[in-house]
Amino acid sequence: MAVLLSLLHQTMWGQDTLKVRTLTPVSVATDRPSTVTAATPTHVVTAQRIEQQGGLVLSDAIKQLPGITLKDYGGVGGMKTVSARGLGSQFSTLTIDGVAVNDCQNGQIDLGRYMLGNADYVSFANGQMQQQLQSARAYAAGNVIEMHTRHPQFVGCNHHMAVGLEGGSFGLLSPSLLWEQRLSQRLSLSIWANHLRSRGDYPFTLYYTNNHTDSSSVERRQNSQMYSTTVDVNLFYDISSRQQLMLKLHGTDGFRALPGPVTLYSIKHSEFSYNRMAFVQGHYQWMANEKWRMQLLGKYSHNYDGYEDTASLVTAGGYLRNNYWQQEGYLSGSVAYHPWQHWTLSVASDHSVAQLKSNLKNNSQVERYVSQQVVSASYITPMLAVHTNLLATWVDEMSNSRETRVHYRRLSPYAGLSLRLMARGNDTTFHTVRLRYFFKENYRIPNFNEMYYFTLPRDLRPERALQQNIGLIVAGSFHVGESSAFSNYSLSVDGYYNHVNDKIIAVPTQNLFLWSMMNLGRVQILGLEATAESELQLVESSISLSANYSYQYAVDVSDASSRTYRQQIPYTPRHSGGASLYWENRWIDIGYQVVAVGHRYRIGENVESNRVNGYLDQSITVAKRVRLETTELQLRFQVLNIFDVQYEVVKNYPMMGRNYRLGLVWRF
């Protein structure tokens with residue numbers, strides 16, 4: 001919210017041509033997405049907000065956003081995936097500095113593997129981002145999570161350092177180091193390193209009945225320890241005033257014990273996962289003149305994932321070790337051209353080669369070749385912004401156990417508009433009302449797990465999702481009385497309709513280890529989102545308030561004779577929301593957060609035995625900054641889940657009760 005007015009006049013997509021007073025200085029090193037003038041609902045979580053919330057991993061930054069359904073398997077190291085507006089986690093794409101993260105094995109990204117310590121901001125866009133230069137893979141996404149790396153800013157010095165240490169309940173320990181160095185007038189470097197570990201042995205209440213009215217006992221989470229070490233190296237080169245180059249080298253090494261589901265008479269403690277991830281990527285932008293702009297993206301990634309079960313029931317010796325090695329080479333280019341006033345034409349072309357090797361008997365090597373091309377056109381005035389694009393997808397893949405290749409071909413359209421209905425303002429006040437609408441078709445190709453692993457071989461059709469959204473947003477700023485205080489605010493309401501065809505579902509066959517994947521599903525999602533944000537800037541303090549509410553009617557319409565017909569799809573609450581309040585002042589900063597999630601069902605049959613109860617997760621934060629001549633010391637204390645609510649996000653995976661964190665950051 002602190003960048004709201006800056007976004008109103010900095011955005012490229014069409015501006016309200018009234019004088020605006022910027023309330024808070026912000027970094028202009030990067031163009032943050034507009035939350036007001038975009039045709040797609042877009043939310044931005046700044047580094048300041050991340051710090052206020054004490055977020056460690058990427059899922060912490062977006063779990064409070066409207067329409068987000070987070071699947072969390074418990075603990076610091078538990079897998080965390082996100083589903084937006086009922087479309088499923090595999091429709092959401094994560095980009096880091098504009099370069100998409102891909103996992104062709106399971107098609108979903110574990111947001112718990114990506115740390116927030118060096119992030120400038122995190123944004124989330126339903127449908128797609130509204131940037132003129134973006135990759136075809138970003139155009140193809142149903143929803144886009146963008147994490148942008150902090151760009152060093154040097155004023156009167158040539159280096160910055162920040163040393164952090166965070167500790168908490170159940171063995172949580174997270175030291176970190178950030179070093180930023182200006183190598184020359186145009187060249188700078190940043191290195192960020194972090195080590196995160198936790199025992200994860202938190203207590204929880206095991207209820208013997210689903211309605212929590214019968215007997216219960218207090219147990220302790222077992223086999224839940226984890227560690228993860230991350231190193232992120234970034235090189236920033238301002239070649240000229242019109243050319244910028246950024247290179248990133250990223251590596252992660254992690255281990256997680258998998259505690260598994262908790263049931264009354266069966267608690268398994270024999271599964272572990274290992275992960276090593278490394279990638280190098282580059283991002284180059286060139287503004288040739290006022291009419292031409294170009295962007296090049298490139299990436300090479302190598303991932304290792306290992307799964308170990310020391311008491312397996314599917315092997316003769318009771319021991320199972322599956323190893324997967326995934327490599328991908330990726331190249332993207334895009335060009336934007338402004339032939340006339342208000343008009344922009346652009347093209348984007350992506351090409352990638354992904355290979356997955358494993359130690360499994362069948363399909364030990366699978367390869368996928370993807371080519372995506374986009375042509376787009378935009379018409380932008382202060383009153384109206386219209387965006388259209390057409391995406392062409394070509395995919396070829398083969399396995400060493402298949403005799404023939406698998407081919408996919410598709411054309412997918414998008415159209416969106418943002419219309420200014422009202423704008424009023426003067427030197428001290430500003431108010432605008434805008435209407436937005438978009439339509440988009442998405443095309444999700446089956447991932448390698450669905451096609452080849454742990455399933456009966458079967459030819460699958462890709463899922464096709466149609467998205468529509470219409471919304472109204474009101475934003476502005478004004479003086480508070482006769483004083484020098486200002487307030488900014490933003491209110492939005494969006495209604496949406498999504499329809500998924502050929503939804504891929506899994507059906508067990510002989511046992512729970514052998515499944516058949518089938519195209520049997522159709523899902524209809526009707527929803528409503530409402531958000532409110534406000535910030536009051538006083539002379540020596542500020543108060544920030546945000547709240548959101550989501551309603552999702554997401555039902556299975558595959559078969560009228562089925563017992564799941566017109567019933568809510570799994571793990572999608574009808575009602576959810578959140579709120580936060582933060583007060584910054586010269587003495588101490590105080591924050592409060594709440595996440596509210598209604599009841600859900602673990603499978604498609606909405607009966608009491610499948611019900612997962614709703615919950616309220618509330619947290620408080622107290623922080624103090626001590627500024628000296630050249631250094632700053634920050635101390636932060638958090639109480640998470642302050643009322644010790646015993647709840648589950650995923651059935652039989654209990655979450656932490658009340659826990660504590662203490663963080664210290666020294667910047668110099």
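Since the model is a prediction, treat every value here as computed from it, not as a measurement. (Residues numbered from 1 in each chain as written. Predicted model: local features only at pLDDT ≥ 70, side-chain atom pairs only at ≥ 80, totals over all residues. Heavy atoms only, no water.)

(A) Region of interest: the nonpolar core. In this structure, Leu 58, Ile 62, Leu 94, Tyr 114, Val 122, Ile 145 and Met 147 are the most contacted members of the largest nonpolar core, which totals 23 residues. Looking at this core, the elements with two or more residues in it are α3 (58-62), β3 (80-84), β4 (92-96), β6 (119-126), β7 (143-149) and β15 (271-287). Residues Leu 360, Ile 445, Tyr 452 and Tyr 453 belong to the second largest nonpolar core, which totals 18 residues. (Core = buried A, V, L, I, M, F, W, Y, C linked by side-chain atoms within 4.5 Å. Buried < 20%, exposed > 50% of the residue type's maximum accessible area, 1.4 Å probe, protein only. Helix = DSSP H or I, 4+ residues; strand = E, 2+ residues; numbered from the N terminus.)

(B) View of the sheet that holds β7. Strand order in the open sheet formed by five strands is β1-β6-β7-β4-β5, and the pairing between neighbours is mixed. Pairing within the sheet leaves two strands with one partner each, and these edge strands are β1 (42-46) and β5 (99-100). Looking at chain direction, β4 and β5 are connected through two bridges and run antiparallel. Residue pairing in the sheet places Ile 96 in a bridge with Val 99 of β5. (Pairing = 2+ DSSP bridges.)

(C) Here's a closer look at empty space enclosed by the protein. For the structure shown, the criterion picks out 14 cavities of 30 Å³ or more. The computed volume of the largest cavity comes to approximately 850 Å³. Lining the largest cavity are 47 residues, and of these Lys 63, Asp 72, Asp 617, Tyr 647 and Met 655 sit closest to its centre. Mapped onto the lining of the largest cavity, the elements with two or more residues apiece are α3, β2 (68-72), β27 (542-556), β28 (575-584), β29 (589-597), β32 (615-627), β33 (632-640) and β36 (659-667). No other element matches β2, which puts five residues into the lining of the largest cavity. (1 Å grid on protein atoms, 1.4 Å probe; cavity = no way out; pocket = protein on both sides within 12 Å on 5 of 7 lines; lining within 4 Å. Points joined across faces, edges and corners; volume = space filled by probe spheres on them.)

(D) Broad picture of the confidence of the model for the chain. When pLDDT is averaged along the chain, the result is 86; 91% of the residues meet or exceed 70. Overall, residues 1-30 carries pLDDT values under 50, and its contacts beyond four positions in sequence, including any with other chains, amount to 90 contacts. Here residues 509-514 scores under 50 on pLDDT; set against residues more than four positions off or in separate chains, the count is 10 contacts. (pLDDT = per-residue confidence, 0-100. Contact = heavy atoms within 4.5 Å.)

(E) Seen up close, the side chain of Arg 434. In this structure, Arg 434 sits in strand β22 (residues 430-444). One polar contact links Arg 434 to Ser 418, side chain to side chain, over a distance of 3.0 Å. (Polar contact = N/O pair within 3.5 Å; in protein donor to acceptor, adjacent residues only side chain to side chain.)

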